[in-house]
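Inside the fold
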Amino acid sequence: MKKKTLYIACISLLIWALCVCFGYVSYDVNDDAGMNMAAAGAYGIFSQYLVYTNIVLGYMIKFFYFIFPGINCYLWFYLITDLFAVIMLTLAFSDKLSIKHSVIITVFLNFLLAGEFYIHIHYSKSAVLYVVAASIYMIMLFRRDEKVDKISFSLASLMLVLGFCVRIQSFESVLPFVFVLFVFGAWALRKTDKLMRYRLLLIPFAACVLCFAINYHAYYMTQWRDFKVSDDILIKVRDFGMYDYSNGSEDYEAEGITAADFDMIHHWMFNDPETFNEANLRKLESVGEKHNNSGLGLNMSVLKSTVKEFVSRFGNRTLAGLLMVIVLLSLAIGDRWLIAQNIIYAALSFAEYYYLIFKGRFFWRVEIIIWLSAVLISGFIVVDHLSSKIEKKDNITELSKRFEKIAVCAVLLFLIATVFIKSEVMDNSKFTNGDSKYEDFLNIREAKGHFVIYNIADYGMLLGAKDIFDIDRKYADYYANITEMGGNGNSPSGLYFAGKAGISNPAKALFENENVFFVSDDEAKDTLMGYLNEKYGPGIDARSVEVDGVAAWKFYTN
């Protein structure tokens, strides 16, 4: 067993190292870049408040930066933890296999997951991987004849809790899949004493509850409360489209909420605490709920769209196609429990797709969460079923040879695909930060004055940083003369430097303070000017200026 573990760990480490050294390591979306910059201290204090992840994880990464100030602790936390999660997953898949077959499974899983977890880092994906890997590993530990190893279970529990802390929304999405896995696992052990081992799940459950309580206190019982409550409501407007001004305009106007307010939200500009605060957004939410008819239910139009989207994914998504292969393989095997489980996982995938379409959620961030959960868990139970037959002496000759041929061909195909499909692993041009963007941002940092930026992502996926491996503690106070009009600019950390510059309301400061400038395109400038005239005008205008080489807008009153 130790020798097999060593083989799995070494092969995984080698593939991981090749990807990190020769692949274009990047963030899938700028959410990770924002949290990375926050953790490195770019927003000043509050570096443990990463907003989208649990405060416990924030403190952990903050501690790592204290110990290792010269490296990007945020990035390396995910790279290393992703590696350990893949190793844990592979150990569970290979539990009943020989070393030879385990090597095949190890190579296959690593190449399947390399692009998503060793190259393109995204905290939402990592959260799913941690929870699924930990759950499958626990199932493996519970069914063994020997006692549950305390160290192994502790590591699995830690991995599961990390998944919970990284992103609770990802945890919620994968929970139905994991629940079914544990139910079927318990059913298989119902006539044995091993069933009592399920009581151990109370340990990670208690840890998750504790982390939730700590996070709730940090964000909802401190100065962060107004931002978090406001952001929760803004998400419903800008991300889900649940509330629309045209649907109940008279009621919105009666509460002092105008079309310009909605226009600002849709343009991701809401850093005006006099308008976009908890009290006003509660009013918006109250009116929105009154006119919102999007309660979850059966909708034939949504159902048709779901079927169309779901089926289309099998042709252009690797994981979706793999799920179809797994389901067909289980049907070919003919085991009724295997078929039942895989049909349930496919049905859960469809149900979550239906929910996303019903709520108007964008697929590009979250759909991999669905496919990853279904593929890994379905794949595990199929491999587990086949391995129990392959390793039996009376079946080893013919069945083992057939399995080896299929597995070797699959591994070779993945190796070839990895080399030729360069866009998925090596070429990452759409994620590049670009020297020109970095230089442009340096011009803002070195210019005199305070700059309110419409969209900091205009300065690259790394939000003004030079290189992804470069974001260490030297980026502390990196945004000292910058405030975001959107994003998390209205949070305590986002307003920290504005406060030090004597700015309490970034929107009003644009025309009240001669040293505050707005950096944006024409459309954002026009949207903001219309809003400012409605709230604080009339007579507010803007002119194009150049401040120490930085093109900006200067708002003023006539």
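It should be emphasised that the depicted structure is a prediction, and the values quoted were computed from it without experimental measurement.

1. Some remarks on the overall build of the protein chain
Check the secondary structure of the protein chain and you find 23 helices and seven strands. Split into buried and exposed, the 558 residues of the protein chain put 54% on the buried side. Put simply, of all contacts in the protein chain between residues at least 6 apart along the chain, 77% involve residues at least 24 apart. Total accessible area computed for the protein chain in this model is approximately 25,300 Å², and 61% of it derives from carbon and sulfur atoms.

2. Overview of the side chain of serine 170
Residue position: serine 170 is located in helix H8 (residues 168–188). On the basis of relative accessibility, which here comes to 1%, the residue serine 170 falls in the buried class. Non-local contacts of serine 170, meaning those with residues more than four positions away in its chain, are made with Ser124, Ala127, Val128 and Ile369.

3. Describing helix H10 (residues 225–238)
At 3.6 residues per turn, the α-helix brings residues three or four places apart onto the same side. Taking 1.5 Å of rise per residue, 14 residues should cover 20 Å, and H10 covers 20 Å from first to last C-alpha, within 8% of that figure. Taken together, the buried residues of H10 touch helix H9 (202–220), helix H12 (259–266) and helix H13 (278–291).

4. As for a negative patch on the surface
Residues Asp263, Asp458, Asp521, Asp522 and Glu523 make up a contiguous surface patch of negative charge. Inspection of the secondary structure puts aspartate 522 in helix H23 (residues 522–536). On the accessibility criterion, aspartate 522 (48% relative accessible area) is partly exposed.

5. Quick notes on the pattern of salt bridges
If you walk through the whole model with that rule in mind, you get 20 salt bridges. Across the salt bridge formed by lysine 290 and aspartate 251, the nearest N and O atoms sit 3.3 Å from each other. With a gap of 39 residues between them, lysine 290 in helix H13 and aspartate 251 in helix H11 (residues 249–254) connect regions that are remote in the sequence. Looking at aspartate 251, the relative accessible area reads 25%, which means it is partly exposed. Here lysine 474 makes a salt bridge to aspartate 470, at a shortest N to O gap of 2.7 Å. Looking at lysine 474, the relative accessible area reads 52%, which means it is exposed. Residues joined by salt bridges that share partners form a network here, namely Asp95, Lys96, Arg143, Arg144 and Asp384.

6. Side note on the environment of threonine 557
Looking at the element boundaries, threonine 557 is found in strand E7 (residues 550–557). Residues threonine 557 and alanine 542, 15 residues apart in the sequence, show an inter-C-alpha distance of 8.6 Å. Those residues within four positions of threonine 557 in sequence are excluded, and the remaining contacts are Phe511, Gly539 and Ile540.

7. As for the environment of leucine 160
Tracing the chain through its elements places leucine 160 in helix H7 (residues 150–166). For leucine 160, a relative accessible area of 9% translates into the label buried. Separated by 29 residues in sequence, leucine 160 and valine 131 have C-alpha atoms that sit 4.7 Å apart. Residue contacts for leucine 160: discarding those within four places in its chain leaves Tyr130, Val131, Ala134, Ser135, Met138, Phe171, Pro204 and Cys208.

8. Notes on helix H1 (residues 2–22)
For H1, which comprises 21 residues, the first-to-last C-alpha distance of 30 Å matches the rise-based estimate of 30 Å (1.5 Å per residue) to within 8%. Buried residues of H1: Lys4, Ile8, Ile11, Ser12, Ile15, Trp16, Cys19 and Val20, and no others. Angular distribution of buried residues about the axis of H1 spans 165 degrees; they occupy a single face of the element. Exposed residues lying more than 90 degrees from the buried face of H1 are Lys2, Lys3, Leu6, Leu14, Cys21 and Phe22. Turning to H1, the residues buried within the fold contact helix H4 (73–93) and helix H5 (99–119).

9. What about the pairing of strand E6 (residues 540–547)?
As paired elements, E6 and E7 share eight bridges and run antiparallel to each other. Residue pairing across strands places glutamate 546 opposite alanine 551, the latter belonging to E7. The turn linking E6 back onto E7 is made up of two residues, and aspartate 548 within it adopts a positive phi angle of 50 degrees.

10. Remarks on the packing of aromatic side chains
All told, the structure shown has 38 aromatic pairs when counted by the stated rule. Between phenylalanine 164 and phenylalanine 171, the ring centres sit 5.1 Å apart and the planes meet at 85 degrees, which makes this aromatic pair edge-to-face. The same class applies to phenylalanine 164 and to phenylalanine 171, which are both buried. Every member of this aromatic cluster is reached through a ring pair, and the members are Tyr43, Phe441, Tyr459, Tyr475, Tyr478 and Tyr479. When the ring centre of phenylalanine 517 is taken as origin, the NZ or CZ atom of lysine 554, which lies over that ring, is 5.6 Å away.

11. Describing the state of the cysteines
Tallied over the full model, the rule gives zero disulfides. Cysteine 208 takes part in no disulfide bond, and the closest cysteine sulfur to it belongs to cysteine 211, at a distance of 6.5 Å. Classification of cysteine 208 as buried rests on a relative accessible area of 8%. No disulfide involves cysteine 211; its nearest neighbouring cysteine sulfur is the one of cysteine 165, lying 3.7 Å away. Looking at cysteine 211, the relative accessible area reads 8%, which means it is buried.

12. Let's talk about the packing of H1 against H5
For the pair H1 and H5, the least separation of the axes is 9 Å and the interaxial angle reads 30 degrees. If you check the angle between H1 and H5, you find them roughly parallel. Considering only the axes of H1 and H5, their crossing is right-handed. For the pair H1 and H5, contact is made by Lys3, Lys4, Tyr7, Ile8, Ile11, Ser12, Ile15, Trp16, Cys19 and Val20 and by Ile99, Ser102, Val103, Thr106, Val107, Asn110, Phe111, Ala114, Tyr118 and Ile119, respectively. Per-class residue counts for the contact of H1 with H5 are 14 nonpolar, four polar and two charged.

Cut-off values and rules
- Residues numbered from 1 in each chain as written.
- Predicted model: local features only at pLDDT ≥ 70, side-chain atom pairs only at ≥ 80, totals over all residues.
- Heavy atoms only, no water.
- Helix = DSSP H or I, 4+ residues; strand = E, 2+ residues; numbered from the N terminus.
- Buried < 20%, exposed > 50% of the residue type's maximum accessible area, 1.4 Å probe, protein only.
- Contact = heavy atoms within 4.5 Å.
- Areas by Shrake-Rupley, 256 points an atom, 1.4 Å probe, with all protein chains shown as cover.
- Expected span 1.5 Å × (residues − 1).
- Patch = residues over 30% accessible without salt bridge, like charges linked within 9 Å, V, L, I, M, F, W, Y side chains within 5 Å.
- Salt bridge = Lys/Arg side-chain N within 4 Å of Asp/Glu carboxyl O.
- Lys, Arg positive; Asp, Glu negative; His and termini not counted.
- Charge placed at Lys NZ, Arg CZ, Asp CG, Glu CD.
- Arc of directions from axis to C-beta.
- Pairing = 2+ DSSP bridges.
- Phe/Tyr/Trp six-rings, centres within 6.5 Å; stacked < 30°, edge-to-face > 60°.
- Lys NZ or Arg CZ within 6 Å of the ring centre and 35° of its normal.
- Disulfide = S-S within 2.5 Å.
- Axes fitted to C-alpha atoms, helices over the stretch in contact; angles between N-to-C directions.
- Parallel < 35°, antiparallel > 145°, perpendicular 65-115°, else oblique.
- Left-handed = near helix turned anticlockwise from the far one by under 90°.
- Nonpolar A, V, L, I, M, F, W, Y, C, P; charged D, E, K, R; others polar.

The quantities given are spatial measurements derived from coordinates; they are silent on function.
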